[in-house]
Amino acid sequence: MDWGALHTILGGVNKHSTSIGKIWLTVLFIFRIMILVVAAERVWGDEQDDFVCNTLQPGCRNVCYDHFFPISHIRLWALQLIFVSTPALLVAMHVAYRRHEKKRQFRKGDQKCEFKDIEEIRKQRFRIEGSLWWTYTSSIFFRLVFEAVFMYAFYFMYDGFRMPRLMKCNAWPCPNTVDCFVSRPTEKTVFTIFMIAVSSICILLNVAELCYLLAKFFLRRSKNAGNSKQQPNNENKEETKQNEMNELISDSCQNTVIGFTS
Amino acid sequence: MDWGTLQGVLGGVNKHSTSIGKIWLTVLFIFRIMILVVAAERVWGDEQQDFVCNTLQPGCKNVCYDHFFPISHIRLWALQLIFVSTPALLVAMHVAYTRHEKKRRFRNGEKIDIEELKNQRLHIRGPLWWTYTSSIFFRIIFEAVFMYVFYYMYDGFQMPRLVKCDAWPCPNTVDCFVSRPTEKTTFTIFMLAVSGICMMLNLAELCYLVIKVCTKESGKAT
């Protein structure tokens with residue numbers, strides 16, 4: 001189970017996202033996870049080996065490293081990325097539940113069920129309406145909360161986003177005060193700032209998506225209030241036709257956009 | 001998520017590129033990303049461990065290394081490759097949006113063949129031409145910016161064998177020796193040359209697209 005597996009899991013969720021959600025997912029994978037894996041992990045790779053203290057006292061270096069780096073940046077970012085990706089699974093579970101219900105209806109031979117076979121139910125792309133809208137919106141809300149919490153934890157734990165070159169340590173068993181030098185501080189500062197910037201972009205995308213969903217909701221409500229006298233059955237048949245077409249076309253669109261496997 | 005996944009993502013974009021665009025993508029993957037992964041990363045792998053300074057002063061090596069190598073070549077190349085690849089996604093998003101619009105028109109009752117829509121390769125015309133051209137333009141800008149950053153940060157493209165360091169806590173001036181300087185210089189020049197080739201391919205593609213539009217306009221006029 002690694003980042004590739006997460007990529008596969010979230011790729012399936014991509015089908016039911018809005019356009020902003022798809023952009024967010026691309027930014028997450030290319031500018032955060034990929035940068036973490038191909039670049040940042042190497043920069044932090046030798047962080048303890050090359051953490052040097054000006055003392056011969058055994059144990060002093062270990063204690064100072066542990067004191068100044070309670071949780072390494074890399075691990076915090078990995079946790080942040082996992083927590084931020086997981087609310088999308090709420091949406092995936094909701095969609096799976098709906099499909100399960102429709103399959104059950106189909107199997108019972110329900111007259112109301114419009115699908116010709118199980119294949120169509122499996123490939124259907126649900127529109128973000130009704131209870132799915134609430135699930136989707138709460139997943140975005142949780143994403144925002146997690147991003148903000150981790151950014152604050154970073155800021156609080158490391159007193160800002162800059163990596164100092166020198167740290168003065170006087171934890172036992174270090175004699176008096178000892179100078180300790182961090183490995184690659186400039187490179188680490190650059191990557192920290194980069195990751196913070198991309199986190200902020202992701203937060204902005206999530207806020208935009210939230211506003212878009214709220215606007216869509218209110219527009220639909222005012223439209224429904226206006227059209228409340230029309231027959232509801234025609235709408236269902238139209239939606240079925242739309243879903244069939246979605247299923248035929250959205251696969252090719254998806255492959256073009258990002259190449260996630262569905 | 002690694003270079004292989006990026007290849008999967010960009011492979012989809014390849015279908016809507018011009019021939020020069022396809023050549024560019026091949027050069028990018030084979031001569032840049034692959035060289036980075038299979039060769040350059042090993043050359044730079046021991047850069048800090050084998051950076052040796054002529055002093056016993058603890059901390060001096062760390063500080064000197066950080067002073068002379070604020071961002072490692074490898075990381076700069078990785079960032080350059082990611083930034084240079086991403087404008088292609090603009091094109092992918094535009095294509096997806098165009099398909100979505102056609103789908104919507106189909107739903108509204110217009111006669112469009114669904115099969116054709118699924119396999120269709122969109123021609124680079126109209127707004128897609130603008131998106132495609134701006135993606136090439138951004139690629140060129142990113143390439144140039146990174147090449148300049150390299151030049152500025154490392155005072156040229158040659159890796160010196162010896163650097164003289166007097167940052168605190170080093171006592172007076174200390175000689176520090178870089179690991180594998182000749183090999184690093186070779187790879188830096190190689191990567192620079194391939195960046196130059198990619199930039200020329202992008203310029204050629206830009207000229208081709210501009211000429212295509214101009215001839216079409218003059219064709220329409222006559």
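As recorded by an unreviewed UniProt entry, chain B carries the name Gap junction protein and is attributed to Melospiza melodia. Listed in UniProt under the heading Function (unreviewed entry), the comment for chain B reads: "One gap junction consists of a cluster of closely packed pairs of transmembrane channels, the connexons, through which materials of low MW diffuse from one cell to a neighboring cell." Regarding chain B, the UniProt comment filed under Sequence similarities (unreviewed entry) reads as follows: "Belongs to the connexin family."

In the nomenclature of an unreviewed UniProt entry, chain A corresponds to Gap junction protein from the organism Melospiza melodia. As recorded by UniProt, the Subunit (unreviewed entry) comment attached to chain A reads in full: "A connexon is composed of a hexamer of connexins." Quoted verbatim from the Sequence similarities (unreviewed entry) field of the UniProt record, the comment on chain A reads "Belongs to the connexin family."

Turning our attention to the UniProt feature "domain: Connexin N-terminal" (unreviewed entry) in chain A. Under the UniProt annotation, "domain: Connexin N-terminal" (unreviewed entry) lies at residues 42–75 of chain A. From the first C-alpha to the last, residues 42–75 of chain A spans 13 Å; its make-up is 41% helix and 6% strand.

Right, let's get into the UniProt feature "transmembrane region" (unreviewed entry) in chain A. All names here are of chain A. According to UniProt, the "transmembrane region" (unreviewed entry) feature falls on residues 23–40, 77–97, 132–158 and 191–215. Here residues 77–97 is 95% helix and 0% strand, with 31 Å between the C-alpha atoms at its ends. This span, residues 191–215, is 100% helix and 0% strand, and a straight line between its end C-alpha atoms measures 36 Å.

Residues and elements named next belong to chain B. Of the two faces of strand β2 (residues 162–165), only one is covered, namely that formed by V163 and C165; the face formed by L162 and K164 stays uncovered. Judged from the four bridges that link them, β2 and strand β3 (residues 174–177) form a sheet pairing that is antiparallel. Of the residues in β3, the one forming a bridge with K164 is D175.

Following the sequence through the fold, C165(B) ends up in strand β2. For C165(B) and D175(B), which are ten residues apart along the polypeptide, the C-alpha to C-alpha distance reads 6.4 Å.

Turning our attention to the sheet that holds strand β1 (residues 52–53) of chain A. Residue and element names in this part refer to chain A. An order of β1-β3-β2 is seen for the three strands of this open sheet, with the pairing classed as antiparallel. Two strands lie at the open edges of the sheet, namely β1 and β2 (166–169), each paired on one side alone. Pairing between β2 and strand β3 (residues 178–181): four bridges, direction antiparallel. By the bridge assignment, C169 is partnered in β3 with V178.

Thresholds applied
Residues numbered from 1 in each chain as written. Chains lettered and ligands numbered in written order. Predicted model: local features only at pLDDT ≥ 70, side-chain atom pairs only at ≥ 80, totals over all residues. Heavy atoms only, no water. UniProt positions renumbered as here; feature names shortened; annotations may be inferred. Helix = DSSP H or I, 4+ residues; strand = E, 2+ residues; numbered from the N terminus. Buried < 20%, exposed > 50% of the residue type's maximum accessible area, 1.4 Å probe, protein only. Pairing = 2+ DSSP bridges.

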